[in-house]
Amino acid sequence: MAGSVGILAALFMVTGCAGRPAGVLLPVAATEPVPGTSRVDMLVATTRKAAADRGVLFSGERGDAVVYTDLAVSIPPDATRRPGTVQWPDRLPGNPATDFVALRVDALDRSKVAAWTGRAVRRGAKRHVLVFVHGFNNKFEDAVFRFAQIVHDSGADVAPVLFTWPSKGSVLAYGYDRESTNFSRNGLETLLRDLAKDPNVGEITVLAHSMGNWLTLESLRQMAIRDRRVAPKIRNVILAAPDVDMDLARVAFRDMGPDRPRLTLMVSGDDQALAVSRLVWGDSVRLGAIDPTVEPYRSELERQNIGVLNLSSVKGDDPLNHGKFASGDVVALLGKRLADGQPISDGQIGIGDRLVSTAAGAASTVATGAALAVAAPVAIVDPQTRETYGDHLSHVGSGLRDTFGATVDLAGAPVRAMTGGR
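Residues numbered from 1 in each chain as written. Predicted model: local features only at pLDDT ≥ 70, side-chain atom pairs only at ≥ 80, totals over all residues. Heavy atoms only, no water.

S.K.: Help me understand the packing of aromatic side chains, please; the structure alone is not making it clear to me.
M.R.: Two measures describe an aromatic ring pair: the distance that separates the ring centres and the angle between the ring planes. Overall, the coordinates contain four aromatic pairs when judged by the stated rule. Geometrically, the ring pair formed by Phe 58 and Phe 140 is tilted, given 5.0 Å between the ring centres and 50° between the ring planes. You can see Phe 58 sitting in strand β2 (residues 58-75) and its partner Phe 140 sitting in helix α3 (residues 140-154), a full 82 residues away along the chain. Judged by its relative accessible area of 0%, Phe 140 is buried. With a centroid separation of 5.3 Å and 25° between ring planes, the pair formed by Phe 132 and Phe 147 is classed as stacked. Taken together, the positions of Phe 132 in strand β4 (residues 128-133) and Phe 147 in helix α3 put the pair 15 residues apart, joining distant regions of the chain. Connected via pairs of aromatic rings, a cluster forms that spans Trp 88, Phe 100 and Phe 145. The ring centre of Trp 88 lies 3.7 Å from the NZ or CZ of Arg 20, which sits over that ring. Sitting above the plane of the Tyr 176 ring, Lys 168 keeps its charged end 4.6 Å from the centroid. (Phe/Tyr/Trp six-rings, centres within 6.5 Å; stacked < 30°, edge-to-face > 60°. Helix = DSSP H or I, 4+ residues; strand = E, 2+ residues; numbered from the N terminus. Buried < 20%, exposed > 50% of the residue type's maximum accessible area, 1.4 Å probe, protein only. Lys NZ or Arg CZ within 6 Å of the ring centre and 35° of its normal.)

S.K.: Help me understand the pattern of salt bridges in this model?
M.R.: Tallied over the full model, the rule gives 17 salt bridges. The shortest N-O distance in the salt bridge between Arg 20 and Asp 142 comes to 2.3 Å. Separated by 122 residues along the polypeptide, Arg 20 in the loop between α1 (2-15) and β1 (38-50) and Asp 142 in helix α3 bring together distant segments of the chain. The exposure class of Asp 142 is buried, given its relative accessible area of 10%. Among the ionic pairs, Asp 41 bridges to Arg 39, the shortest N-O distance being 3.1 Å. The exposure class assigned to Arg 39 is partly exposed, which follows from its relative accessible area of 46%. When salt bridges with common partners are traced through the structure, they connect Arg 39, Asp 41, Asp 70, Arg 104 and Asp 106 into a single cluster. (Salt bridge = Lys/Arg side-chain N within 4 Å of Asp/Glu carboxyl O.)

S.K.: It is not clear to me how the environment of Met 42 should be interpreted in this structure. Could you clarify?
M.R.: Relative to the assigned elements, Met 42 resides in strand β1. Those residues in contact with Met 42, other than ones at most four positions away along the chain, are Thr 69, Asp 70, Leu 71, Val 73, Trp 116, Val 144, Phe 147, Ala 148, Pro 160 and Leu 162. (Contact = heavy atoms within 4.5 Å.)

S.K.: Sorry, what's going on with the packing of helix α5 (residues 185-197) against helix α6 (residues 212-227) here?
M.R.: Two quantities define a packed helix pair, namely the angle between the axes and the distance from one axis to the other. Between α5 and α6, whose axes approach to 9 Å, the crossing angle comes to 65°. At the point where α5 passes α6, the crossing takes the right-handed sense. For the pair α5 and α6, the contacting residues are Arg 185, Asn 186, Leu 188, Glu 189, Leu 192 and Arg 193 in the first and Leu 215, Thr 216, Glu 218, Ser 219, Leu 220, Gln 222, Met 223, Arg 226 and Asp 227 in the second. The class makeup of the residues in the contact of α5 with α6 is five nonpolar, four polar and six charged. (Axes fitted to C-alpha atoms, helices over the stretch in contact; angles between N-to-C directions. Left-handed = near helix turned anticlockwise from the far one by under 90°. Nonpolar A, V, L, I, M, F, W, Y, C, P; charged D, E, K, R; others polar.)

S.K.: Help me understand the environment of Leu 334 in this model?
M.R.: Position of Leu 334 relative to the elements: it lies in helix α10 (residues 328-340). Through-space distance from the C-alpha of Leu 334 to that of Ile 150 is 9.5 Å; in sequence the pair is 184 residues apart.

S.K.: Sorry if this is basic, but what is going on with the nonpolar core here?
M.R.: If you look at soluble globular proteins, the nonpolar side chains tend to sit buried side by side. Core analysis: the largest hydrophobic core is formed by 50 residues, its most contacted members being Val 129, Val 131, Val 133, Leu 191, Ile 204 and Ile 234. The leading source of residues in this core is α6, at six residues. Discounting residues that sit within four places of it in the chain, Ile 234 has contacts with Leu 192, Ile 204, Val 206, Leu 220, Met 223 and Pro 261. In terms of nonpolar packing, the next biggest core, distinct from the first, is built from 35 residues, Val 40, Val 44, Phe 145 and Met 266 among them. (Core = buried A, V, L, I, M, F, W, Y, C linked by side-chain atoms within 4.5 Å.)

S.K.: How should helix α7 (residues 246-256) be read in this particular structure?
M.R.: Three- or four-residue spacings in an α-helix give side chains the same orientation, since the helix completes a turn every 3.6 residues. Buried within α7 are the following residues: Met 246, Ala 249, Ala 252, Phe 253 and Met 256. Down the axis of α7, the smallest arc covering the buried residues is 115°, so these residues share one side. The residue sitting at the N-terminus of α7 and contributing the capping side-chain oxygen is Asp 245; that oxygen lies 2.8 Å from the backbone nitrogen of Asp 247. Once α7 finishes, Gly 257 follows within two positions and takes phi at roughly 85°, a positive value. (Arc of directions from axis to C-beta. Polar contact = N/O pair within 3.5 Å; in protein donor to acceptor, adjacent residues only side chain to side chain.)

S.K.: Where do I start with unusual backbone geometry in this structure?
M.R.: Most peptide bonds take the trans form, and the phi angle of most residues other than glycine is negative. Cis geometry is adopted by the peptide bond preceding Pro 93, which originates at Leu 92 and carries an omega value of -5°. Among the structural elements, Pro 93 can be located in the loop between β2 and β3 (101-108). Of note, the phi angle at Leu 57 is positive, near 70°, even though the residue is not glycine. With respect to the element layout, Leu 57 can be found in the loop between β1 and β2. Within the chain, Asn 305 stands out as a residue other than glycine whose phi angle is a positive 55°. Inspection of the secondary structure puts Asn 305 in the loop between α9 (297-304) and β9 (307-310).

Don't take any of this as a statement about function, it's just geometry.
See the structure below:
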């Protein structure tokens, strides 16, 4: 019963929290800019299906083709927000003085992308494009606002390009999301190839998070197979908490060939949500779960020249230390090293850092119960999870207790982390 009690306790904490309004991407009415606000203009490419609500723009369903959008986000003054945070509106319309809000949302034809990059990179000496590929459990607006925050807080002189794939925005839709990354491989490959061929673009860095790493590695692998190498303009690929089978990662690294981009892993040893995931998802070795201090991984990573950026000493913005890759300190470091042309990894720490696991899924009753255990702590700090958690809990019932038994409190550990051990 311990696991079930922990989950119910977490659910009790969750139900008292209010969600955020839908439709936050409806552009605010044209007004004079609020003093101190910042603006991030980004290109968005997506394989999602268009939504009927103009403030939602794109749903979690799969679309028929890659669709492009020219989108601008206003970020509140630095004096009113902490770096690394996204301030969501409490009500619509959002207030630019306190909230992230959309300023412009314009559909863009693929043939016009080069004109967009021409405008976006004209002030940068390196003509640098940063492509962000989000992870599991992200709605369209989550990816947009998070990327805007990363770009702003990094201070990097880059042209921001977001690739967003059809995620349901629910912790419990792991299988659907995973298949959506496979569905989107050609779309991301096409975007990267178009950018690499664009004379306006000098170099490209790809930042992927969680499940987005699988999509990124598969797309780069496809490109290398088709073109016999990854496009040389793609210089850096940053893999934050990669949810990728280790054997498949080896294949991707091999198939990208000797002229592949510089690869860096972002890791953290104190991520409580990922620690719980490690108890649950264990039927295959994940790239984000290996111990790089032991063989064969130590020698393999050295041989592959894969760097590691250890985030264990970075203070997280949430009690679970789950969102460090986007924290102010991390993205500021990212921006500086990209600007200086330095490796992203921390050479003093290197591959000896301990990696933590990320959630991996299985289409089974065990996976359903496990997903609920993982969802409970995440839901406490993730408003969109709160929207779906209760419905899914009722479908599991006593099977959760039968699956885990009475000895492992999967949800209780992160709850205790948030409450100081109470």
